[in-house]
Structure formats: C-alpha cells, structure tokens
Amino acid sequence: MVAFWILSPIMVLAALGLLFARKAVHAALLLAVVMIGLSVLYLVQDAPFLFTVQIIVYTGAILMLFLFVLMLVGVDASDSIVETIRGQRLMAVGVGLLFGVVLVVLVGQVALGTPTGLAQANADGNLPGLAQLLFSKYVFAFEATSALLITAAVGAMVLAHRERITPKLTQADRAAQRMRDYAEKGTHLGPLPSPGVFARHNAVDTPALLPDGTPAQTSVSRILMTHGTVKPAPRHDIEQLTATMDDGARPRGPIDGDPTVHGETENVDGAPTPDGRSSS
Amino acid sequence: MSGSPFLVLSAILFTIGCVGVLTRRNAIVVFMCVELMLNASNLALVTFARVNGNLDGQVAAFFVMVVAAAEVVVGLAIIMTIFRTRRSASVDDASLLKY
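Residues numbered from 1 in each chain as written. Chains lettered and ligands numbered in written order. Predicted model: local features only at pLDDT ≥ 70, side-chain atom pairs only at ≥ 80, totals over all residues. Heavy atoms only, no water.

A.B. asks: Lay out the overall build of chain B with the relevant residues and their values.
C.D. replies: Of regular secondary structure, chain B possesses three helices and zero strands. Its helices and strands taken in sequence order, chain B reads α-α-α from the N to the C terminus. Against the globule reference of 13 Å for 99 residues, chain B gives a C-alpha radius of gyration of 17 Å, more extended than a compact globule. Here the C-alpha coordinates of chain B stretch approximately 50 × 25 × 20 Å along the principal axes. By the burial criterion, 61% of the 99 residues in chain B qualify as buried. A separation of at least 24 residues holds for 59% of the contacts in chain B among residues at least 6 apart in sequence. (Helix = DSSP H or I, 4+ residues; strand = E, 2+ residues; numbered from the N terminus. Rg over C-alpha atoms; globule rule 2.2 N^0.38 Å. Buried < 20%, exposed > 50% of the residue type's maximum accessible area, 1.4 Å probe, protein only. Contact = heavy atoms within 4.5 Å.)

Here's what the structure looks like:
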C-alpha cells in the first residue's frame with residue numbers, strides 16, 4: 001500500500017517525462033523508471049514471477065535493445081518542432097485527456113468488491129501455480145508463443161541482414177586509391193596530422209597547430225567537428241610558441257581568439273560551430 | 001487494498017502512452033510509448049488476477065510480455081532498415097506510399 005502511493009507519482013511523472021523529453025535516450029531512461037516501478041507493484045500484488053520477468057525481460061533486455069538501436073541510429077535523432085498536420089499535437093493532447101478522463105472515471109465507478117487475494121492460488125508457490133496453468137489450460141497459447149518467437153527472430157535477422165553489393169576493400173585497394181588521389185587531385189599521401197597542442201588538453205578535441213599558427217582542420221575528427229565539441233588551441237600556448245621564434249615573427253595565419261581574421265576555420269573562441277553553438 | 005487505485009494508475013499510464021504515440025515523431029520514442037501502453041495493461045491484468053483470486057491474469061500478463069518482446073525485436077529491425085535507407089528515424093519522413 002505504501003509502495004503504491006510512493007511509486008505511483010514517480011511513475012506518472014516519469015511517464016509524463018516520456019512525452020516531454022527532447023532526447024530519446026532520456027525517454028528510454030524514464031521508461032526504465034516506469035518499468036521498475038511496475039515490477040515493484042507486481043511484487044506488491046503477489047506476482048513474484050512477473051516481478052522477475054519484468055526486471056529481466058523488460059528493463060534488462062527490451063530497454064537495452066532500445067538503447068542499442070538509439071546508439072546505432074544516432075543519439076541526436078531528436079524530434080522536430082514543426083508539425084506535419086496543423087494542430088495535431090493540440091488535438092492529440094485534447095483527445096488523450098478526454099480518453100484518460102473517461103477511462104479513469106469508468107474504472108473509478110466499477111465496484112471491484114473486496115479483492116479475493118492470491119493466498120489460496122499461491123498456496124504452493126506462485127511459480128508452480130503459474131506453471132500448472134501454463135502447461136495445462138494455456139498450453140496451446142504457449143506453443144503458439146514459441147512459433148511467434150521463432151518467426152520474430154527470423155524476421156529480425158532477415159530485416160537486419162544486408163547483402164554486400166560492392167567487393168570488400170582490401171589494404172592494397174586502399175593504398176592504390178591513395179596513390180590515384182595523389183596523382184589526380186594532389187591529396188596528401190601521408191597520414192593525417194595528429195590532434196593536440198603540446199598534449200596539454202584532451203588532445204583529440206584540440207586541433208594541431210601548423211607552423212604558422214593556423215589550426216590544422218584535418219587533425220580533428222569530422223564527427224567531433226559536427227558535434228561542436230572541438231576546442232580551440234589556447235591563446236597562451238600559441239603565444240608561447242611564437243615567442244620562441246628567434247626572429248620574433250608573428251604567426252602569419254589566423255590564431256585563436258582572433259575572430260576577425262578567421263575565415264572558414266570555425267573552431268575558435270566565440271565563433272559558431274556548424275550547429276550554431278559556440279565552441280568555447 | 002482494493003484494486004481500484006491500481007486500475008486508475010494503469011488507465012493514466014495507458015493514456016500517457018496513447019498521447020505519446022500521437023504526438024512524438026521519433027519512431028523509437030513512439031515505440032517506447034507503445035511499450036508503456038502494454039505495461040499499463042499488464043498492471044491491470046495483474047490487478048484483476050489478485051482481485052479475482054486466480055492466476056489467469058498473471059498468465060495473460062506473461063503472454064503480453066512475450067508478444068511485446070517479439071514485437072520490439074521486429075519493430076526495431078524495421079526502424080533500423082528505414083533508417084539505413086532514409087537516414088532518418090522520424091515517422092513523418094517515411095511517407096512515400098502516400099504519393
């Protein structure tokens with residue numbers, strides 16, 4: 001009883017969070033909260049087997065599958081605000097509220113009487129009782145379930161399978177492609193420059209500096225660049241670098257913190273990264 | 001305790017799942033809302049099992065869980081396939097059959 005009144009507000013709030021969460025990962029975690037709450041409610045209602053199954057199958061397997069697919073699809077596959085059908089959201093919320101009110105009032109009206117309780121049914125244990133039913137009264141449904149699971153597994157395999165259309169690139173092919181690119185387009189033949197300035201920072205997100213002080217754009221991962229997490233090389237590091245130049249030459253290229261001379265180099269203080277956020 | 005509070009909670013969760021299916025655009029979140037609705041109905045089934053004093057409701061909830069597992073496997077595979085070809089997990093983008 002106490003468990004119900006503690007858990008039900010948490011579960012309703014988490015379920016509401018599912019509606020409003022901008023990120024799908026947050027929605028998945030909130031759903032996990034709801035499911036764990038439900039499993040405790042099963043335990044309260046004399047269903048220890050379903051409690052275990054809820055935790056293992058739902059929270060453990062299904063939600064992890066959800067998170068797995070979310071990571072494959074891309075974490076930032078968030079909803080757009082533009083509605084395809086005008087006023088769809090408002091209407092959906094209205095209809096949903098109406099439906100909910102009708103359902104709650106209806107359920108509230110029903111006189112369930114005093115619950116019989118499962119003390120008698122669970123007399124020789126919940127699991128033996130369930131097994132007794134499952135393998136006698138519901139044995140055909142149980143068999144059909146096995147067919148369903150096999151079909152689902154095969155279907156998922158067929159859907160997820162991808163036939164390779166082009167032959168797999170070998171190392172020799174890649175090397176030949178590099179040489180062709182060099183011959184035709186003059187692409188640099190060697191490896192890309194490594195990121196990091198004096199290895200002082202979390203080096204993969206700081207572009208390396210070219211001898212003239214410009215950040216080397218190819219030294220940081222394209223993925224980090226689109227995520228907007230690339231940090232500029234710190235100004236004092238560049239100053240330190242240029243101070244050691246014996247002729248006192250200033251760097252010719254644009255340096256960090258100088259937005260006016262930055263043309264297309266986007267990873268500097270205050271300059272917007274492609275997704276519109278400031279990189280600093 | 002009486003079964004009514006559990007049923008009301010189940011109804012509320014079902015409604016929230018319903019509204020989520022109607023409003024959310026990300027196919028995976030829509031799927032999560034379907035799962036929420038299935039779970040809400042499971043709570044009602046378990047409550048009815050306790051109220052009636054037999055285990056049939058719990059067996060039904062167990063079957064719902066099995067079917068939900070199968071449904072999630074196939075559904076997520078379909079979402080992955082659509083994402084592969086269209087590079088989008090939005091339910092509104094897959095509208096080619098409309099035209």
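Okay, back to it.
A.B. asks: Explain the nonpolar core to me, and be specific about the residues and the numbers.
C.D. replies: In this structure, Phe66 of chain A together with Met32 of chain B are the most contacted members of the largest nonpolar core, which totals 66 residues. Of all the secondary structure elements, the ones that give two or more residues to this core are helix H1 (2-20), helix H2 (24-44), helix H3 (48-73) and helix H5 (126-134) of chain A together with helix H1 (4-23), helix H2 (27-52) and helix H3 (56-86) of chain B. Once residues within four sequence positions are removed from consideration, Phe66 of chain A is found in contact with Ile28, Phe31, Met32, Glu35, Val72 and Leu76 of chain B. (Core = buried A, V, L, I, M, F, W, Y, C linked by side-chain atoms within 4.5 Å.)

A.B. asks: Let's hear about the interface of chain A and chain B: which residues, and what values?
C.D. replies: Listed as interface residues are 80 residues of chain A and, on the opposing side, 68 residues of chain B. Summing both sides of the interface, chain A and chain B together bury roughly 6,800 Å²; the carbon and sulfur share of this comes to 76%. Our count for the chain A to chain B interface comes out at one salt bridge. Taking the shortest distance from any N to any O, the salt bridge between Asp56 of chain B and Lys137 of chain A comes out at 2.6 Å. Run the count over chain A and chain B and you get 14 residue pairs in polar contact (both at pLDDT 80 or more). (Buried area = accessible area lost by both parts, 1.4 Å probe. Salt bridge = Lys/Arg side-chain N within 4 Å of Asp/Glu carboxyl O. Polar contact = N/O pair within 3.5 Å; in protein donor to acceptor, adjacent residues only side chain to side chain.)

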